[in-house]
Amino acid sequence: MNTNEIKLLVVDDEVAFANTLSQRLKMRNIKAVPVYDGEQALSKLKESIIDVVLLDLKMPGMHGLDVLKKIKSMYPDVQVIILTAHGTDKDEEEARLLGSFDFLKKPADIDNLEQKIRKAYKEKRNIERIKTEAGDNNK
Amino acid sequence: MEEKFDQLLRQLHLRFIGKIIASFTHEIKNHLAIIKESAGLMDDMLRIGKSSENSSSQYLDIINSIVEQVDKSIGLFRFLNSFAHRMDNQFCNFHINESLEELIALMTRLANQKRISFEKSFDPELPELYNNPSLFQFVIFCYFERYIQQSGNGNSIIVTTEKIDDSVRIILSFKGDIINFEPLNDLSEIIDTIVKEKIKGEIEDKGNVVVMKISSISKKSNKS
């Protein structure tokens, strides 16, 4: 499995944070694209293939949990990792119920974050493989 | 009856302090996260990045970003420290503009979530007042919170202060979509009591506009 081509969306209203983190992840062979609110994230998902989304919760406009709900209903295979400075236990529980892959708190350790992103990507690839096999069996 | 009111006021005041601290810690965590990622990026550039002619300017940009975040954090800490000390003495001398500036700074993140901004029009010649700054901030917080919760994206809260003889008039108004703001319901009565009895002021809530007048209270009356 080639995990060098992970396409990641970094969604955070803190522009400096989203840009710097994206730069660091690019240096680790992850194609990270920063966007700064939920609306931008949804339009990016519409126009390009994204494997994993790194999503903040408290953002202007759409709340991260609403963005998560939309992503999972429109692109169920896309894996979403919540990365927030404001996560409560209630938020974490709700995010998991809505199908988030993981829930991390800022500031996060880059090695741990990279590991989680690669795991999330593998999960997406596994789901896609199972779906393809199920489709083949039904033929 | 008065004991019940004081108990309720303590609960609401604690909730207010909790909200301000939560907003502050959220903001600081974001600043620290940017500082951490910026330092991490420099580390990455030294360890795994390829050096180029642009490296020096890139390092300088990152260092500037770190300094900017530290400065923002120091500013917020200063406001939180001053906010906390408002509770040292129930009654003391204070400046309305400073206490509003502090509250706005500490509530900016909450407002940003709804893309709401604050516009300030402060009279620089206000008299210093002897009153209860913490209760004053609590009253203003309740109206700011209402505007933030009930309004849509992209509007502004305008905060104006004016000197009226030895008193200060504070006008909170709302610029943006026309909204019929709901009254503060249960809170209205409590705020009314705080303003009239505890800080001996006046308040009129017209929805889109709230007008409050506050003066110094005599040291004798604060004992009552």
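An account of the accompanying structure is given in this report.

Reading the values: rules and limits
- Residues numbered from 1 in each chain as written.
- Chains lettered and ligands numbered in written order.
- Predicted model: local features only at pLDDT ≥ 70, side-chain atom pairs only at ≥ 80, totals over all residues.
- Heavy atoms only, no water.
- Helix = DSSP H or I, 4+ residues; strand = E, 2+ residues; numbered from the N terminus.
- Buried < 20%, exposed > 50% of the residue type's maximum accessible area, 1.4 Å probe, protein only.
- Areas by Shrake-Rupley, 256 points an atom, 1.4 Å probe, with all protein chains shown as cover.
- Lys, Arg positive; Asp, Glu negative; His and termini not counted.
- Charge placed at Lys NZ, Arg CZ, Asp CG, Glu CD.
- 1 Å grid on protein atoms, 1.4 Å probe; cavity = no way out; pocket = protein on both sides within 12 Å on 5 of 7 lines; lining within 4 Å.
- Points joined across faces, edges and corners; volume = space filled by probe spheres on them.
- Nonpolar A, V, L, I, M, F, W, Y, C, P; charged D, E, K, R; others polar.
- Contact = heavy atoms within 4.5 Å.
- Buried area = accessible area lost by both parts, 1.4 Å probe.
- Salt bridge = Lys/Arg side-chain N within 4 Å of Asp/Glu carboxyl O.
- Polar contact = N/O pair within 3.5 Å; in protein donor to acceptor, adjacent residues only side chain to side chain.
- Axes fitted to C-alpha atoms, helices over the stretch in contact; angles between N-to-C directions.
- Parallel < 35°, antiparallel > 145°, perpendicular 65-115°, else oblique.
- Left-handed = near helix turned anticlockwise from the far one by under 90°.
- Phe/Tyr/Trp six-rings, centres within 6.5 Å; stacked < 30°, edge-to-face > 60°.
- Lys NZ or Arg CZ within 6 Å of the ring centre and 35° of its normal.

## Points about the overall build of chain B
Inference 1: Helix and strand content of chain B: 5 helices and 7 strands.
Inference 2: Ordered by position from N to C terminus, the α and β elements of chain B give α-α-β-α-β-β-α-β-β-α-β-β.
Inference 3: Each of the three principal axes of chain B carries a C-alpha extent, and together these read 70 × 40 × 35 Å.
Inference 4: Looking at the 224 residues of chain B, the share that counts as buried comes to 47%.
Inference 5: Within the structure as shown, chain B displays about 11,800 Å² of accessible surface, and the carbon and sulfur contribution to it stands at 51%.
Inference 6: Taken as two groups, the 27 positive and 32 negative side-chain charges of chain B have centres that lie 3 Å from each other.

## Quick notes on the layout of surface pockets
Residue and element names in this part refer to chain B.
Inference 1: A volume near 410 Å³ is recorded for the second largest pocket.
Inference 2: Counting residues per element, the ones that place at least two in the lining of the second largest pocket are α1 (2-47), α3 (96-112) and α4 (133-150).
Inference 3: Here the lining of the second largest pocket takes 4 residues from α1, the largest share from any one element.
Inference 4: Its residues assigned to classes, the lining of the second largest pocket comprises 5 nonpolar, 7 polar and 5 charged.

## Quick word on the interface of chain A and chain B
One widely used convention gives an interface's size as the accessible area the parts lose upon coming together.
Inference 1: Of the residues lining the interface, 23 residues belong to chain A; the matching set on chain B comes to 21 residues.
Inference 2: Taken over both partners, the interface formed by chain A and chain B buries close to 2,100 Å², and the fraction arising from carbon and sulfur atoms is 55%.
Inference 3: The tally of links between chain A and chain B comes to 7 salt bridges.
Inference 4: Taken together, the links from chain A to chain B amount to 10 residue pairs in polar contact (both at pLDDT 80 or more).
Inference 5: Counting residues per element, the side of chain A that touches chain B draws most heavily on helix α1 (residues 15-26) of chain A, at 6 residues.

## A closer look at the packing of α4 of chain B against helix α5 (residues 186-198) of chain B
Residues and elements named next belong to chain B.
Inference 1: Where α4 meets α5, the closest approach of the two axes is 11 Å, and the angle between their N-to-C directions is 150°. As far as their axial angle goes, α5 and α4 are roughly antiparallel. Here the hand of the crossing between α4 and α5 comes out left-handed. Touching L135, F138, V139, C142 and Y143 of α4 are L187, I191, I194, V195 and K198, all from α5.
Inference 2: When its residues are assigned to classes, the contact of α4 with α5 shows 9 nonpolar, no polar and 1 charged.

## Some points on the pattern of salt bridges
Inference 1: Under the definition given, this model contains 30 salt bridges over all chains.
Inference 2: Of the charged contacts in the structure, one is a salt bridge between R24 of chain A and E37 of chain B, with a shortest N-O distance of 2.9 Å. In this pair, R24 of chain A sits in helix α1 while E37 of chain B sits in helix α1, so the two residues belong to two different chains. Side by side, R24 of chain A and E37 of chain B carry an identical accessibility label, which is buried.
Inference 3: A salt bridge links K124 of chain A to D51 of chain A, with the shortest nitrogen-to-oxygen separation between them at 2.9 Å. Residue K124 of chain A is located in helix α5 (residues 110-138), and its partner D51 of chain A is located in the loop between α2 (38-47) and β3 (52-55); the two are separated by 73 residues in the primary sequence.
Inference 4: On the basis of relative accessibility, which here comes to 6%, the residue K124 of chain A falls in the buried class.
Inference 5: Each member of the salt-bridge network shares a partner with another, and the members are R24, R28, E114 and R118 of chain A together with E37 and D44 of chain B.

## Overview of the packing of aromatic side chains
Inference 1: Tallying each qualifying case throughout the model produces 8 aromatic pairs over all chains.
Inference 2: Taken together, the aromatic side chains of F16, F83, F138 and F141 of chain B make up a single cluster linked through ring pairs.
Inference 3: Its guanidinium or amino end placed over the ring of F17 of chain A, K106 of chain A lies 4.4 Å from that ring's centre, counting from NZ or CZ.
Inference 4: Cation over ring: R146 of chain B sits above Y147 of chain B, and NZ or CZ is 5.6 Å from the ring centre.

Scope: geometric values only; no functional claims are made or implied.
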